[in-house]
Amino acid sequence: MEASVRLLHRYEMSATQHTLRRAFTAQAHPAKGVICRSCRAGIVRRHASSSAAAAEAAPAPEINILAEQIPRTAEHIPKAAPAVTQSYQMRAGVVLSRPPQITRDLTPFEKSFFLYQRRLNERLALPFTRYFYFRKDTPADIQYKRRVKERQTPARDIGKYNAYGAEGWNDELLVGAVESEPEHQMQELLKDAEEPTKEEETATSLEQPMPRITEADKLNDQKSLNRLLQRTLYLLVQNQQGRWVFPNDILQGRENLHMAAERVLVQTGGINMNTWVVGNAPIGYYKFDLLKPVVDGPNQVLGEKVFFMKARIMAGQADLATNLFGLKDFKWLSGEELQTHVSPLYWKSVRGMILER
Amino acid sequence: MKSFWSLNGLAGTWPACQIFPSRTLAVQLPISRFSTSATLQARKGKGGPKKDKRIVLIRYFLNHPRTPRPLRFSRLRALRHWAIHRAWNLYKAKQRDREERDLERMYNSMRLACEELRQIGENGMPGGKDEGRLYRVAMEKRNIWQGAPIEYARIQTDWPSKSGWNHEWKRG
């Protein structure tokens, strides 16, 4: 008799525990701190990704019933949590960049090292095979002889140096020599090409290449894409609050980040930009927590999460006339300029996406 | 001495000393030939088979007596060269290191963003039935090169283009 009672008791206990467990599973342990720690450890854990917000939304009448039935465990069970969901505003941003158009400036060390190497090469190279390139006694041949007599070497842009002469050992230049400047070398090449190949021909002046520093550089026109040709430029827009940010917008419906990025580009800068969104994966994200959550009905908005997609611009210019986000202004900025425009917090989460050059 | 141009077509029979009279050899070595097949003897009066002048010239210059050129350095100059070489290697190493760190920074940024995306649903919080949907879509590699403009392959030049950036570009 006693044994059966004990059995029954055990059965009851296990049954109640089972029910409890199910109840908690359905409720899926809401926020931390509502249930005590030991209880939480005892309850079957759901998947790590289970949502507190979703659980809070679920009704909990079952728990109340249980609380009446089993007073011993009642103290562990919380009152029904208010049905509030928490969320972050999900946004897609676009880091639209113009790639560098020209090569970077060489450092003085690089410049002098390259010229040093070229002169060493001159010391090692075979003599120029003149008759292979110029038929004897033709105007071109005479021209060539005249030039070589002047610069003493067939190479056109390493300055006056004869690797075969008695001074051949003296191939080094002093620091800051003009011969190592790319600008000077380019002019030498042009000068060489300018002279007529036949004596009767008049010299046709070749057109100079465009300067590496453009007009927009001099004017510091930050809206122009002709500026800072050796750097990557990023499109930054000024939003309604006056903050400088990358173009971004809330994800709408079931669209993914790539689609959203393409939409944001068009809705920000108009259709007259030849852009390409690179890849499907985000290249960085920015999370912003509001000091006080914004209550929107049953929903609490805790802040925003912006996922940035990488995009390149090939042609065209941004035009904010038709933008849908109330943007005030835009600028094309390099990495350093960008840092001075955005807030420190923004920069901290964004700087990983910004190239050094 | 015969002039250089009168020797056309007779390259196989050139002795080196005819071209460079200043250089006297005790033993006249034949210049190596392009072809390994036997050279036919010249017929009387007709000359040998016509040879390409350009090939003759190339052979002449490749067998230049001053090859290989010696690069002789004085002691201090050799030391200086070594220092320059070391400095260059150090410079390149630093540059490479900087580039690698730049790439690493970008990779970490991407990884963090993707990890965050993996853990959240449509409402920006973990959980829910659409948890990780955006991540799954973002990881798709299908058609990622679709629509890549040809200008994407443009390489950097030393000097900018004459027309500059095309600000006036219009779609359609």
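Residues numbered from 1 in each chain as written. Chains lettered and ligands numbered in written order. Predicted model: local features only at pLDDT ≥ 70, side-chain atom pairs only at ≥ 80, totals over all residues. Heavy atoms only, no water.

- Under the annotation held in an unreviewed UniProt entry, chain B carries the name Large ribosomal subunit protein mL40 and is attributed to Trichodelitschia bisporula.
- Reading the Subcellular location (unreviewed entry) entry of the UniProt record for chain B gives the comment "Mitochondrion". (UniProt positions renumbered as here; feature names shortened; annotations may be inferred.)

- An unreviewed UniProt entry annotates chain A as Large ribosomal subunit protein mL46 originating from Trichodelitschia bisporula.
- As recorded by UniProt, the Subcellular location (unreviewed entry) comment attached to chain A reads in full: "Mitochondrion".
- In its Sequence similarities (unreviewed entry) section, UniProt records this for chain A: "Belongs to the mitochondrion-specific ribosomal protein mL46 family."

## Considering the overall build of chain A
Next, step 1: If you tally the helices and strands in chain A, you get 13 helices and 8 strands.
Next, step 2: For chain A, the proportion of its 357 residues judged to be buried stands at 43%.
Next, step 3: When the accessible surface of chain A is totalled, it reaches about 19,900 Å², and 56% of it is carbon and sulfur. (Helix = DSSP H or I, 4+ residues; strand = E, 2+ residues; numbered from the N terminus. Buried < 20%, exposed > 50% of the residue type's maximum accessible area, 1.4 Å probe, protein only. Areas by Shrake-Rupley, 256 points an atom, 1.4 Å probe, with all protein chains shown as cover.)

## Considerations on the interface of chain B and chain A
Next, step 1: The interface of chain B with chain A comprises 73 residues on the first partner and 84 residues on the second.
Next, step 2: Taken together, the two surfaces of chain B and chain A that pack against each other cover about 7,000 Å², and 61% of this comes from carbon and sulfur.
Next, step 3: Three residues stand out in chain B for area buried against chain A, namely B:Arg69, B:Trp159 and B:Trp165, and they jointly supply 13% of the buried area on that side.
Next, step 4: Viewed at the interface, chain A and chain B are joined by 7 salt bridges.
Next, step 5: The interface formed by chain B and chain A holds 31 residue pairs in polar contact (both at pLDDT 80 or more) in total.
Next, step 6: When contributions to the side of chain B that touches chain A are tallied by element, the ones reaching two or more residues are helix H2 (53-62), helix H3 (75-119) and helix H4 (133-138) of chain B.
Next, step 7: If one sorts the elements of the side of chain B that touches chain A by residue count, H3(B) sits on top with 19 residues.
Next, step 8: Of the residues assigned to the side of chain B that touches chain A, the class counts are 32 nonpolar, 18 polar and 23 charged. (Contact = heavy atoms within 4.5 Å. Buried area = accessible area lost by both parts, 1.4 Å probe. Salt bridge = Lys/Arg side-chain N within 4 Å of Asp/Glu carboxyl O. Polar contact = N/O pair within 3.5 Å; in protein donor to acceptor, adjacent residues only side chain to side chain. Nonpolar A, V, L, I, M, F, W, Y, C, P; charged D, E, K, R; others polar.)

## Here we look at the domain arrangement of chain A
Next, step 1: Once the domains are mapped, chain A shows domain 1 (2-57), domain 2 (86-102 + 214-353) and domain 3 (108-194).
Next, step 2: Taking only C-alpha atoms into account, the centre of domain 2 of chain A sits 50 Å from that of domain 3 of chain A. (Domains from an automatic or database assignment.)

## Some remarks on the pairing of strand S8 (residues 329-333) of chain A
Side-chain positions along a regular strand alternate between the two faces of the sheet.
Residues and elements named next belong to chain A.
Next, step 1: Among the 5 residues that make up S8, 4 are buried, leaving the element largely enclosed by the rest of the structure.
Next, step 2: Direction of pairing for strand S2 (residues 233-238) relative to S8: antiparallel, over a ladder of 5 bridges. Bridge pairing in S8 places Val-237 opposite Phe-330. (Pairing = 2+ DSSP bridges.)

## Describing the packing of helix H6 (residues 108-124) of chain A against H3(B)
Next, step 1: Running from N to C, H6(A) and H3(B) cross one another at 130 degrees; their axes reach a closest spacing of 12 Å. Put simply, H6(A) runs oblique to H3(B). Between H6(A) and H3(B) the crossing geometry is left-handed. Of the residues in H3(B), those touching H6(A) at A:Phe109, A:Glu110, A:Phe113, A:Phe114, A:Tyr116, A:Leu120 and A:Arg123 are B:Arg77, B:His81, B:Ile84, B:Ala87, B:Trp88, B:Tyr91 and B:Gln95.
Next, step 2: Broken down by class, the residue content of the contact of H6(A) with H3(B) amounts to 9 nonpolar, 2 polar and 3 charged. (Axes fitted to C-alpha atoms, helices over the stretch in contact; angles between N-to-C directions. Parallel < 35°, antiparallel > 145°, perpendicular 65-115°, else oblique. Left-handed = near helix turned anticlockwise from the far one by under 90°.)

## Let's talk about the packing of aromatic side chains
Next, step 1: One pass over the structure, following the stated rule, counts 20 aromatic pairs over all chains.
Next, step 2: Geometrically, the ring pair formed by A:Phe109 and A:Phe113 is tilted, given 6.2 Å between the ring centres and 45 degrees between the ring planes. Of this pair, A:Phe109 and A:Phe113 both sit in helix H6, 4 residues apart, which is roughly one turn of that helix.
Next, step 3: In this structure A:Phe109 comes out as partly exposed when scored by relative accessible area, which is 29%.
Next, step 4: Here A:Phe113 falls in the buried class, since its relative accessible area comes to 9%.
Next, step 5: When the centroid spacing of 5.6 Å and the interplanar angle of 65 degrees are considered together, the rings of A:Phe114 and B:Trp88 count as edge-to-face. With A:Phe114 in helix H6 and B:Trp88 in helix H3, this residue pair bridges two chains. (Phe/Tyr/Trp six-rings, centres within 6.5 Å; stacked < 30°, edge-to-face > 60°.)

## A short note on the environment of B:Arg54
Next, step 1: Mapped onto the fold, B:Arg54 is located in helix H2.
Next, step 2: As for B:Arg54 and B:Glu100, which are separated by 46 residues in sequence, their C-alpha atoms are 49 Å apart.

## A word on unusual backbone geometry
Next, step 1: For A:Gln152, which is not glycine, the phi torsion reads 70 degrees and is therefore positive.
Next, step 2: Topologically, A:Gln152 is positioned in the loop between helix H8 (139-151) and helix H9 (182-194).
Next, step 3: Using a relative accessible area of 35% as the deciding quantity, one classes A:Gln152 as partly exposed.
Next, step 4: Positive phi, normally seen in glycine, also occurs at B:Asn143, with a value near 60 degrees.
Next, step 5: As for its position among the elements, B:Asn143 is in the segment after H4.
Next, step 6: With relative accessibility at 52%, the residue B:Asn143 sits in the exposed group.

## Quick notes on the pattern of salt bridges
Next, step 1: Counted by the stated rule, this structure contains 29 salt bridges over all chains.
Next, step 2: The shortest N-O distance in the salt bridge between A:Glu207 and B:Lys162 comes to 3.6 Å. Pair noted here: A:Glu207 is in the loop between H9 and helix H10 (215-219) and B:Lys162 is in the segment after H4, and the two residues belong to different chains. The burial state of A:Glu207 is the same as that of B:Lys162; both residues are exposed.
Next, step 3: Here A:Arg254 makes a salt bridge to B:Glu122, at a shortest N to O gap of 3.9 Å. Here B:Glu122 lies in the loop between H3 and H4 and A:Arg254 lies in the loop between strand S4 (248-250) and helix H11 (257-269), a pairing that spans two chains.
Next, step 4: Judged by relative accessible area, which is 57%, A:Arg254 ranks as exposed.
Next, step 5: You can call B:Glu122 partly exposed: its relative accessible area is 23%.
Next, step 6: Here the salt bridges share partners, and the residues they tie into one network are A:Arg123, A:Asp171, A:Glu172, B:Arg77 and B:Arg80.

## Some points on the nonpolar core
Next, step 1: In terms of nonpolar packing, the biggest core is built from 50 residues, with A:Leu96, A:Phe246, A:Phe308, A:Trp332, A:Leu338, A:Tyr346 and A:Val350 touching the most fellow members.
Next, step 2: Membership of the second largest hydrophobic core comes to 5 residues, among which are A:Leu115, A:Ala155, A:Ile158 and A:Tyr161. (Core = buried A, V, L, I, M, F, W, Y, C linked by side-chain atoms within 4.5 Å.)

## As for the pairing of strand S1 (residues 85-98) of chain A
Residue and element names in this part refer to chain A.
Next, step 1: Most of S1 sits inside the fold, with 11 of its 14 residues counted as buried.
Next, step 2: Of the strand pairs in this sheet, S1 and strand S7 (residues 299-316) are connected by 13 bridges, and their pairing is parallel. Each bridged residue has a counterpart across the sheet, and for Arg-91 the counterpart in S7 is Val-306.
Next, step 3: Pairing geometry for S1 and S4, over 3 bridges, is antiparallel. Looking at the pairing, Gly-93 lines up with Asn-248 of S4.
Next, step 4: Inspection of the sheet shows S1 paired to S2 by 2 bridges, in the antiparallel sense.

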